[in-house]
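Spelled out, the chains give:
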Amino acid sequence: MDVSLEQKIFQELNQKKLQLLQEIKNYEQNEKEPRHLAGKQTIQPGIDNEEGSIGIIPANTQLNSSLIVSPGSADNQSDPHVVLTISTTNGTFIHMVVVFAESLFEEGESLVVHPPENKRSDQIMIPLAPPKDIPIDLHIKIYVGHKNTQQYHVFELTRQLPRFALHTQFNNETTDPVSTVSFPLQERTSRIVMWLNQNFLLTDKITLTNVLKLKLLSLRTKSPLFIQFNPDQSQNLIIQTDNIELA
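In short, a report on the structure. Being a predicted model, the structure only gives us computed values, none of them experimental.

Some details on the overall build of the chain
Item 1. Check the secondary structure of the chain and you find 2 helices and 12 strands.
Item 2. Taken from N to C terminus, the helices and strands of the chain fall in the order α-β-β-β-β-β-β-β-β-β-α-β-β-β.
Item 3. Counting the 247 residues in the chain, one finds 36% classified as buried.
Item 4. Here the contacts in the chain between residues at least 6 apart in sequence split such that 62% fall between residues at least 24 apart.

In structure tokens:
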């Protein structure tokens, strides 16, 4: 075996050993928590809790997450994106977030967000800009703890960016797209509504009606997209867009 390869394998194994030893040390320190404090911690945002040095967070700690479309700023300081918001339910602090995803980031397949100490809170907002219209699975690790702790509880979440995440509803008057695609669709309106709600990040979920008429705007290309379906007439799904790739 090549000597350099042996050294590389040895270094990787040694690094793994150090990580495992650190995890064991953290577990041992957590086991030393006074029994009278177990399950009785009350966390207040911004307060340096005495229990924070122990490292254990309340057992009822949960995370909330949401995905909301942002059109960007009018002065072009920020492009259109999707805001991933994560928050804790009891004021414990989010110290770091790692997002793993394919075909999302310009460099690599992960993004690490590590706020400075004076800006950490129970909520974090992360902008995500999908480069094209494809569904993207997000695998997220969230490091949660007290304000000044050096030990964290790692939560794992899985979310999906819908295929057409950077499209938003609008009601303003605009020029109708010139190009149209129409095809018969032998499907219930409820199924089409469900598909639309799953593949777009809509502010207001589409409700079931006999006639479906949806006006959308691509924030990436600024081009309109109209979708119509009337089961009582031709049962044709009509898509109006000047973007042939989208159609």
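Some remarks on the pattern of salt bridges
Item 1. Taken as a whole and judged by the stated rule, the model has 2 salt bridges.
Item 2. For the salt bridge of Asp133 with Arg220, the shortest nitrogen-to-oxygen distance reads 3.0 Å. Of the two residues, Asp133 is situated in the loop between β5 (123–128) and β6 (136–145) and Arg220 in the loop between β10 (212–218) and β11 (224–229); the sequence distance between them amounts to 87 residues.
Item 3. Relative accessible area serves as the criterion here: at 23%, Asp133 is assigned to the partly exposed category.
Item 4. Since its relative accessible area comes to 32%, Arg220 is described here as partly exposed.
Item 5. The salt bridge partner of Glu187 is Arg191, with a shortest N-O separation of 3.8 Å.
Item 6. The class of Glu187 is partly exposed, set by a relative accessible area of 31%.
Item 7. Classification of Arg191 by relative accessible area gives partly exposed; the value is 41%.

Quick notes on the environment of Leu214
Item 1. Locating Leu214 in the fold gives a position in strand β10.
Item 2. Judged by relative accessible area, Leu214 falls into the buried class, the value being 5%.
Item 3. Placed 11 residues apart in sequence, Leu214 and Leu225 show a C-alpha to C-alpha distance of 8.2 Å.

Remarks on the nonpolar core
Item 1. Counting residues in each nonpolar core, the largest one holds 27 residues, and the members touching the most others are Ile86, Val97, Leu138 and Ile142.
Item 2. For Ile86, the contacting residues outside a window of four places in its chain are Leu63, Asn64, Ser65, Ile94, Val97, Asp122, Gln123, Ile124, Ile140 and Ile142.

Notes on the pairing of β6
Item 1. Note that strand β3 (residues 93–100) and β6 share 7 bridges and pair antiparallel. Bridge pairing links Phe93 to Gly145 in β6.
Item 2. As defined by bridge partners, β6 adjoins strand β7 (residues 153–161) across 9 bridges and the pair is classed as antiparallel. Looking across to β7, one finds that Lys141 is bridged to Glu156.

What to know about the sheet that holds β5
Item 1. The strand order β1-β2-β5 describes an open sheet built from 3 strands, whose pairing is antiparallel. Since the sheet does not close on itself, it has two edges, and those belong to β1 (63–70) and β5, each with one partner. Direction aside, neighbouring strands of the sheet carry axes that sit 20 degrees apart on average.
Item 2. Bridge count for β1 against strand β2 (residues 81–88) is 8 bridges, and the pairing is antiparallel. Looking across to β2, one finds that Ser65 is bridged to Ile86.

Re the side chain of His95
Item 1. Summarising the element assignment, His95 is placed in strand β3.
Item 2. Judged by relative accessible area, which is 2%, His95 ranks as buried.
Item 3. Of note is the side chain of His95, whose polar atom sits 2.6 Å from the backbone oxygen of His146.
Item 4. Excluding its chain neighbours within four sequence positions, the residues that come into contact with His95 are Val113, His114, Pro115, Arg120, Tyr143, Val144, Gly145, His146, Lys147, Thr149 and Tyr152.

Considering the packing of aromatic side chains
Item 1. Here the structure, examined in full by the defined rule, presents 4 aromatic pairs.
Item 2. Note on Trp195 and Phe200: the rings are 6.4 Å apart at their centroids and 75 degrees apart in plane angle, and the pair reads as edge-to-face.
Item 3. Among the residues examined, Phe200 registers a relative accessible area of 1% and is labelled buried.
Item 4. Aromatic ring contacts, followed pair by pair, group Phe164, Trp195 and Phe200 into a single cluster.

The rules behind the values
- Here the residue numbering is sequential within each chain, running from 1 through the sequence in written order.
- At least 70 in pLDDT is required for a residue's local features to be given in this predicted model, at least 80 for side-chain atom pairs to be given and counted, and no such filter applies to totals for whole chains, interfaces and linings, which use all residues.
- Working from all heavy atoms in the structure, the side-chain values ignore hydrogens and water.
- In DSSP terms, a helix is any run of H or I states spanning at least four residues, a strand is any run of E spanning at least two, and both are numbered starting from the N terminus.
- Partly exposed describes any residue whose relative accessible area lies between the buried limit of under 20% and the exposed limit of over 50%, with all areas from a 1.4 Å probe on protein chains only and scaled to the type maximum.
- Residues are treated as being in contact if the distance between any of their heavy atoms lies within 4.5 Å.
- When a carboxyl oxygen of Asp or Glu lies within 4 Å of a side-chain nitrogen of Lys or Arg, that pair is called a salt bridge.
- Among the buried residues, those of types Ala, Val, Leu, Ile, Met, Phe, Trp, Tyr and Cys that are joined through side-chain atoms within 4.5 Å form a nonpolar core.
- The criterion for strand pairing is that DSSP finds at least two bridges linking the strands in question.
- Fitting a line to C-alpha atoms yields each axis, with helices limited to the stretch in contact; the angle taken between N-to-C directions then spans 0 to 180 degrees.
- Identification of polar contacts relies on pairs of N or O atoms within 3.5 Å, with a donor-acceptor requirement for protein atoms, meaning one able to donate a hydrogen and the other able to accept it, and with residues adjacent in sequence counted only if both atoms are side-chain atoms.
- Here is the rule: rings of Phe, Tyr and Trp (six-membered ring for Trp) pair when centre to centre is within 6.5 Å. Planes less than 30 degrees apart are stacked, more than 60 are edge-to-face, and the remainder are tilted.

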